[in-house]
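Listed below, chain by chain, are the residues.
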Amino acid sequence: MDKVQGSTDGSETLEVKSSELGAEKDTIKKDKFEKDTIKKDTIKKDQIGSKEIKKKHHKSVKLSIKLSIILGLMATIVLTFLNTVAIKTTKKYYFGAIDKNMYDKAIASSEELTALISRMDAISSIIYKGMDSLGDDAADSWNVVDLDNKKIFVSPMEEGIEFRSRVLSASLSRAQYNSESVLLDSLNALIETDENVLGAGVLFEPNGFVDGVKSYAPYLNRDGQKNKTLTNSTYEHYSEKEYYTEAKEKQHTVITDVYEDILTGEKVVSVSRPLIFNSKFLGVVLLDIDIKLFSSVQREDSRFPSLSTHILDEHGDIIYSADSSQIGKSISEFLSEKQYGDIESLMEKGDAFSKEVKLANRDMKNYYFAPTNVLGNTWWITLSLAKKEYYAP
């Protein structure tokens, strides 16, 4: 019985130990499970954290790229704007410099034109002064002295001598004869020495030089100077001409539009100075001027091969052009009605101006207009150049 009891106690002890071992294993498993769970959670959190970090990093990179692109675009826009402004400023300065240069050339041409006309007016003045003795006894108006200032006796011309005109069949007074001699010598010397003067003369009113003589108008041209042939025009021929009526009406030196000389067929302009004695109009001193005189106003520039110079009168008619076929024509023949109207309006203001013009042949040109006073008339120096040359680099 005792043995049996002992066996029973031993078995219970083994069961207790076995139960404890099972519990311990469960605890170990539980601990291991918890550790594994914690480890997995940690790994998962790490993975999630890593993904978020990567995601944030990716967003950060994308933001940086966007900012870089935006900043790049802004820089490009700013640079483009600055370049555009710089280009416009440079072009404005460049074209402004060209425009100023053209105006300077036009002004130089207008000054040259004024000098040319002044010289022609001075020549007519010399002839005019030669006629000052008209109606006076010029032969008795001179006293002659020697180096000691002692008067030299000069025998007077015999009375009763007849002085004959060399222009027409008429008797002259001594003063008239002297005036005629000075006049003819002056005309001959002028035509011989000045190639720009095609002809010159003095045209009188009826009875203006000789009483009873309607037509006294000695005129000498180049052929006449060579052949010693003088032309005496009729009063009917010249009395209605522009060069005569204008000078008579205005009582000062005038210059005509371009016209064709009836004797030579050449295109000329005339400078006409009125002969006025004792407040009475007696006629005009006339100079017919070769248009080629104005060629000296032509301006050239190696940068602009098409550059050309024209002279226009106050009506817009061409007084001078290197293209002789244009002389005497109106600029309206080369422009549209609107363009001509615009230019005419600007010319009426009397100030220098420039205008981009499309010609009838479709050529585009830049024109520069500069006014100049020519014996009381407003003439215009115009410079033109092809638009493609103007905009060429």
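Residues numbered from 1 in each chain as written. Predicted model: local features only at pLDDT ≥ 70, side-chain atom pairs only at ≥ 80, totals over all residues. Heavy atoms only, no water.

Draft legend 1. Looking closely at the pairing of strand S11 (residues 318–321). Across three bridges, strand S10 (residues 308–312) lies against S11 in antiparallel orientation. In the sheet register, Leu 312 faces S11, and the bridge partner there is Ile 318. In textbook terms, the turn of a hairpin is the stretch between consecutive antiparallel strands, and for S10 and S11 this stretch comprises five residues, one of which, Gly 316, has a positive phi near 90°. (Pairing = 2+ DSSP bridges. Helix = DSSP H or I, 4+ residues; strand = E, 2+ residues; numbered from the N terminus.)

Draft legend 2. Molecular detail of the environment of Ser 110. On the secondary structure map, Ser 110 appears in helix H1 (residues 2–130). Here the alpha-carbon distance between Ser 110 and Pro 371, two residues 261 residues apart in the chain, equals 7.4 Å. Apart from the residues within four sequence positions on either side, Ser 110 is in contact with Thr 372 and Ile 381. A polar contact of 2.6 Å, which involves the side chain of Ser 110, links it to the backbone oxygen of Ile 107. (Contact = heavy atoms within 4.5 Å. Polar contact = N/O pair within 3.5 Å; in protein donor to acceptor, adjacent residues only side chain to side chain.)

Draft legend 3. Broad picture of the sheet that holds S11. Pairing is antiparallel in the open sheet, where five strands are placed in the order S11-S10-S14-S13-S12. The sheet is open, and its two edges are formed by S11 and strand S12 (353–358), each paired on a single side. On average, each strand axis in the sheet is inclined to that of its neighbour by 25°, with strand direction left out of account. The pairing of S10 with strand S14 (residues 377–386) spans five bridges and is antiparallel. Across the sheet, residue Thr 309 finds its bridge partner in S14, namely Leu 383. (Axes fitted to C-alpha atoms, helices over the stretch in contact; angles between N-to-C directions.)

Draft legend 4. Structural view of the packing of aromatic side chains. Inspection of every chain in the model, using the stated rule, returns 16 aromatic pairs. Residues Phe 353 and Trp 380 carry aromatic rings whose centres are separated by 5.8 Å and whose planes lie at 65° to one another, so their mutual orientation is edge-to-face. Residue Phe 353 is located in strand S12, and its partner Trp 380 is located in strand S14; the two are separated by 27 residues in the primary sequence. The residues Phe 353 and Trp 380 share a single accessibility class, namely buried. Following the ring pairs from residue to residue traces out a cluster consisting of Tyr 235, Tyr 238, Tyr 244 and Phe 281. (Phe/Tyr/Trp six-rings, centres within 6.5 Å; stacked < 30°, edge-to-face > 60°. Buried < 20%, exposed > 50% of the residue type's maximum accessible area, 1.4 Å probe, protein only.)

Draft legend 5. Broad picture of the confidence of the model for the chain. Scored by pLDDT, the chain comes out at a mean of 81, with 77% of its residues at no less than 70. For residues 1–7, every residue scores under 50 in pLDDT, and the model assigns this stretch zero contacts once sequence neighbours within four places are set aside. (pLDDT = per-residue confidence, 0-100.)

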